[in-house]
Amino acid sequence: MTTRVLMVCLGNICRSPLAEGILQSKVDPKKVVVDSAGTGSYHLGNKPDERSIAVSRKYGIDITRQRCRQFSPKDFDDFDLIYTMDHSNYSNVIALARNEDHIRKVKMLLDEVESGIREVPDPYYGSGDGFEKVFHLIDKACSEIARKLENQS
Ligand code: 4NP
């Protein structure tokens, strides 16, 4: 059986494209399919942010084929697990849930790890090594998710 995982942030150009690419790189694509979406609609159809493309390329992951899309209530039916990057994304997704089953699917990404940080900070307006830091936060959580999914199959 295929497990379908959706990564969600605000813009779907910085954090969730990284999360999609990183988790997909750690799992068997025949067993786990990963996608991403944004709660906002600012960048629909766009490629990920150049800074996310660059940091993922640095670690051997190509995210250039991804295109921005908006989270839709249909995603609750299409995905088994929905990971949000911050509390705002979480609230916006939960607000669209239609039943308890939908709500149970939604988790904060960093709740998968004991990092002391619950939110993946939005690096969009920052400078410097924001994208590098975000990459490693997401990478750690995705390693844990991949390990759990592997143990389930
Ligand atoms: P993301 O970052 O949610 O990690 O993709 C953002 C990208 C763009 C905007 C906000 C956050 N924006 O307002 O355009």
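Rules used throughout
- Residues numbered from 1 in each chain as written.
- Predicted model: local features only at pLDDT ≥ 70, side-chain atom pairs only at ≥ 80, totals over all residues.
- Heavy atoms only, no water.
- Salt bridge = Lys/Arg side-chain N within 4 Å of Asp/Glu carboxyl O.
- Buried < 20%, exposed > 50% of the residue type's maximum accessible area, 1.4 Å probe, protein only.
- Phe/Tyr/Trp six-rings, centres within 6.5 Å; stacked < 30°, edge-to-face > 60°.
- Lys NZ or Arg CZ within 6 Å of the ring centre and 35° of its normal.

Undergrad: Please give an account of the pattern of salt bridges that cites residues and values.
TA: Taken as a whole, this structure holds 15 salt bridges when the rule is applied. Measuring nitrogen to oxygen at the nearest pair gives 3.4 Å for the salt bridge that ties arginine 65 to aspartate 62. By relative accessible area, arginine 65 is classed as exposed at 69%. With a relative accessible area of 45%, aspartate 62 lands in the partly exposed category. Between glutamate 144 and arginine 147 there is a salt bridge whose closest N-O contact spans 2.6 Å.

Undergrad: Describe the packing of aromatic side chains, with residues and values.
TA: A complete count under the given rule lists three aromatic pairs for this structure. Their ring planes at 75° and their centres at 4.7 Å tell us that tyrosine 124 and tyrosine 125 sit as a pair that is edge-to-face. Overall, the relative accessible area of 28% leaves tyrosine 124 in the partly exposed class. The ring of phenylalanine 79 carries the charged tip of arginine 4 above its face, separated from the ring centre by 5.2 Å.

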